Amino acid sequence: MTKSHYLLNILVNALPMLSSNTNIELLVDYDGASLGAYSEEGTSLTCALSEEPLVDIDYEIHDYNLHFNFGLSNHSEEHKQIKVIIQQTDKKPIPDAIWSSTSPSNCFLESKVEVTKCPAGYAFTVDLPPMSKRYFSNTMWKPLKNITLKFDEYVKSNYIHKLNYGKSVLGHDLNAFTLYSKRNEKLPLICISSGIHPAEGDTISTVAITEWLLNEGNHHNSAFDFMIIPVLNPDGFISGKNGCNHNGVNFFWDFQKYNIQACPEAHYLWNLFQTSPPNIYIDFHSYTTQGQSKQFGPYLKNPVLYTSKNTRHISLELSKELEKIPNSRSQILLSPASLPYNMTKEFNTITFAKYHLHQGYGINHMRDLSVEVIEKIIKSSYGCDFTTQILQPYGPLKRTFNEIIKQTLYVQRYYLPKKLKRLLEKH
Ligand SMILES: [Zn+2]
């Protein structure tokens, strides 16, 4: 029996709305589906979350195993209700919302389904109209095809240019989109990306920003070159990954730029940046099920990590501007194995390692916030001198002795408590 043809036998009158025997089919055989082991009992479906390897890097462990994505098909002529129980440990957040769709090819929308805590984890009950299919997730799921079609439309209309920079593990195209036909080295390059952690729904940012840059924000194209990478991890969208590529590499944290076998997505992205090093790089992410424990905002970098006084000054100005967004909360991140750290070390790129949106604020807020973030970055970049920030052509960055010492000390001081904690845990 395959997963997709697994049939749930529904007992008579187990829930008030059920009036006869019927079969409900569990659907997990589509792009983006994600579910661990499951079992049924009466009208209850109990599921574990799908498990990806934990990221253990830079003395920290990151667990992205938070999300599910599956469908239910009601083969009967009657309205049905199914109680879904998601098993998880107490430490993991309980989602505020369940997102759903009538097709796995559409973006999931927030439903009115209520989620309650239960001993196994959490539970919710879904309605299934007669002869219907419904798809459910605890995140704002956006299918790859949907995003690809959108960007292909922009390309067809000649608004933007597609730049294929490599292939993923499964052979999917890795595409960047530029608002220029040829890179003008005299203009600063701003690169904006999303879609490295497929379950986060953060591609909403790059779509909103691209639309803005093609309309109200269009005049900025004469002062800056823009590169947009909406999906850094296409395979993850196909195989329903929370944070990893097809080989289980979470390449946001563990950017294996020289490992073409395990992580071609990182390798080719690094090649792309070596050809066109961005002056500013921002990568959008989103909180999903974390609720009020998290707040939207940027990951910032200590200016000491930048080379040259001028670049440190620009980075501070941009950070200050982003921190002005009401209710946002910034965090300092240092993660030497991550892409943004590597970019600053190699190219002196000013990076915002992550800008976290928050699904709890809704689709419109996520869209508007993404555009606001880019507007703020652009507006405070006017008048800044980027001419000496990035080496052109790309080559080894020249740091002063003072900068090397300060940067090394900063990294060591940041890691000392983490290293000690790890050592103590081992003994
Ligand atoms: Zn993320």
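Being a predicted model, the structure only gives us computed values, none of them experimental. (Residues numbered from 1 in each chain as written. Predicted model: local features only at pLDDT ≥ 70, side-chain atom pairs only at ≥ 80, totals over all residues. Heavy atoms only, no water.)

A. Quick peek at the nonpolar core. Phe 68, Phe 70, Leu 72 and Tyr 355 are the most contacted members of the largest nonpolar core, which totals 74 residues. Here this core gathers at least three residues from each of two domains, domain 1 (3-137) and domain 2 (144-396). Counting residues in each nonpolar core, the second largest holds 34 residues, with Leu 174, Phe 251, Ala 266 and Trp 270 among its members. (Core = buried A, V, L, I, M, F, W, Y, C linked by side-chain atoms within 4.5 Å. Buried < 20%, exposed > 50% of the residue type's maximum accessible area, 1.4 Å probe, protein only. Domains from an automatic or database assignment.)

B. Expanded view of the coordination of the zinc ion. Distances from the zinc ion to its protein donors, His 197 (ND1), Glu 200 (OE), Glu 200 (OE) and His 285 (ND1), fall within 2.1 to 2.3 Å. Judged by relative accessible area, which is 0%, His 197 ranks as buried. Residue classification places Glu 200 among the buried positions, given a relative accessible area of 6%. (Donors = N, O, S within 2.8 Å, 3.2 Å for Na, K, Ca; no water.)

C. Structural context of the environment of His 161. Within the secondary structure, His 161 is located in strand E14 (residues 161-167). Its relative accessible area of 31% is what places His 161 among the partly exposed residues. A sequence separation of 14 residues divides His 161 from Asn 175, and the C-alpha atoms of the two residues are 10.0 Å apart. If we ignore the near neighbours within four places in the chain, the residues touching His 161 are Ala 176, Phe 177, Thr 178, Leu 179, Tyr 180 and Ser 181. (Helix = DSSP H or I, 4+ residues; strand = E, 2+ residues; numbered from the N terminus. Contact = heavy atoms within 4.5 Å.)

D. Local environment of the packing of aromatic side chains. In this structure the tally under the stated criterion is 18 aromatic pairs. Through a chain of ring-to-ring contacts, the aromatic side chains of Tyr 59, Tyr 410, Tyr 414 and Tyr 415 assemble into a single cluster. Looking at Lys 257, its charged tip hangs above the ring of Trp 270, at a distance of 5.2 Å from the centre. One Lys or Arg, Lys 354, reaches over the ring of Phe 252 and ends 4.8 Å from the middle of that ring. (Phe/Tyr/Trp six-rings, centres within 6.5 Å; stacked < 30°, edge-to-face > 60°. Lys NZ or Arg CZ within 6 Å of the ring centre and 35° of its normal.)

E. A look at the environment of Ala 337. Assignment of secondary structure puts Ala 337 in the loop between strand E20 (331-332) and helix H6 (339-347). Residues contacting Ala 337, with those up to four places away along its chain left out, are Ile 57, Asp 58, Trp 253, Asp 254, Phe 255 and Asn 342.

F. The pattern of salt bridges, seen in detail. Applying the stated rule across the entire model yields 13 salt bridges. A salt bridge links Asp 225 to Arg 183; its shortest N-O distance comes to 2.8 Å. Taken together, the residues Asp 225 in strand E17 (residues 225-229) and Arg 183 in the loop between strand E15 (173-178) and strand E16 (189-193) connect sequence positions 42 residues apart. Relative accessible area serves as the criterion here: at 5%, Asp 225 is assigned to the buried category. Residue Arg 183 is classed as buried on the basis of its relative accessible area of 13%. One network of salt bridges, in which partners are shared, links Glu 321, Lys 324 and Lys 376. (Salt bridge = Lys/Arg side-chain N within 4 Å of Asp/Glu carboxyl O.)

G. Region of the structure containing a nonpolar patch on the surface. A surface patch of nonpolar side chains, about 340 Å² in accessible area, is lined by Phe 401, Ile 405 and Leu 409. Mapped onto the elements of the fold, Phe 401 is located in helix H8 (residues 401-426). (Patch = residues over 30% accessible without salt bridge, like charges linked within 9 Å, V, L, I, M, F, W, Y side chains within 5 Å. Areas by Shrake-Rupley, 256 points an atom, 1.4 Å probe, with all protein chains shown as cover.)

H. Examining the sheet that holds strand E12 (residues 121-128) more closely. Judged by pairing direction, the sheet is mixed, and its five strands sit side by side in the order E3-E4-E8-E12-E11 without closing on themselves. Looking at strand neighbours, the two that pair on one side only are strand E3 (38-41) and strand E11 (116-118), the edges of this open sheet. Taken over all neighbouring pairs, the strand axes of this sheet differ in orientation by 30° on average, direction set aside. The sheet contact formed by strand E8 (residues 80-87) and E12 spans eight bridges and is antiparallel. Following the sheet pairing, Lys 83 is matched in E12 by Thr 125. (Pairing = 2+ DSSP bridges. Axes fitted to C-alpha atoms, helices over the stretch in contact; angles between N-to-C directions.)

I. Spatial organisation of the state of the cysteines. On inspection of all chains with the given rule, the structure shows zero disulfides. Not engaged in a disulfide, the cysteine Cys 191 finds its nearest cysteine sulfur in Cys 263; these two sulfurs lie 16 Å apart. (Disulfide = S-S within 2.5 Å.)

J. The arrangement of the pairing of strand E13 (residues 133-137) in detail. Note: strand E7 (residues 69-74) against E13, five bridges, orientation antiparallel. Bridge pairing links Gly 71 to Tyr 135 in E13. As paired elements, strand E9 (residues 99-101) and E13 share three bridges and run antiparallel to each other. Bridging across to E13, Trp 99 finds its partner in Ser 137.

K. Broad picture of the confidence of the model for the protein. Taken residue by residue, the protein gives an average pLDDT of 91. The fraction at 70 or more is 94%. For residues 1-21, every residue scores under 50 in pLDDT, and the model assigns this stretch 57 contacts once sequence neighbours within four places are set aside. (pLDDT = per-residue confidence, 0-100.)

L. Seen up close, the sheet that holds E15. Pairing is mixed in the open sheet, where eight strands are placed in the order E14-E15-E17-E16-E18-E21-E19-E20. Strand pairing shows two members of the sheet lacking a second neighbour, E14 and E20, which therefore form its edges. Two strands pair when backbone bridges link them, and E16 and E17 are joined in this way by five bridges, in the parallel orientation. Bridge pairing links Ser 193 to Ile 229 in E17.

M. Examining unusual backbone geometry more closely. In this model, Tyr 59 sits at a positive phi of 65°, which is unusual for a non-glycine residue. If you trace the backbone, Tyr 59 turns up in the loop between strand E5 (55-57) and strand E6 (60-62).

N. View of the domain arrangement of the protein. Here the domain parsing of the protein yields domain 1 (3-137), domain 2 (144-396) and domain 3 (403-427). At the interface, five residues of domain 1 touch four residues of domain 3. Of the roughly 480 Å² buried at the junction of domain 1 and domain 3 (both faces included), carbon and sulfur atoms supply 53%. A per-residue breakdown of the area domain 1 buries against domain 3 is headed by Asp 58, Tyr 59 and Glu 60, which together make up 85% of the total. (Buried area = accessible area lost by both parts, 1.4 Å probe.)

O. Structural view of the side chain of Asn 279. Here Asn 279 lies in the loop between helix H4 (264-275) and strand E18 (280-287). If we skip the residues at most four places from it in the chain, Asn 279 touches Arg 183, Pro 188, Leu 189, Thr 349, Ile 350, Phe 386, Gln 389 and Ile 390.

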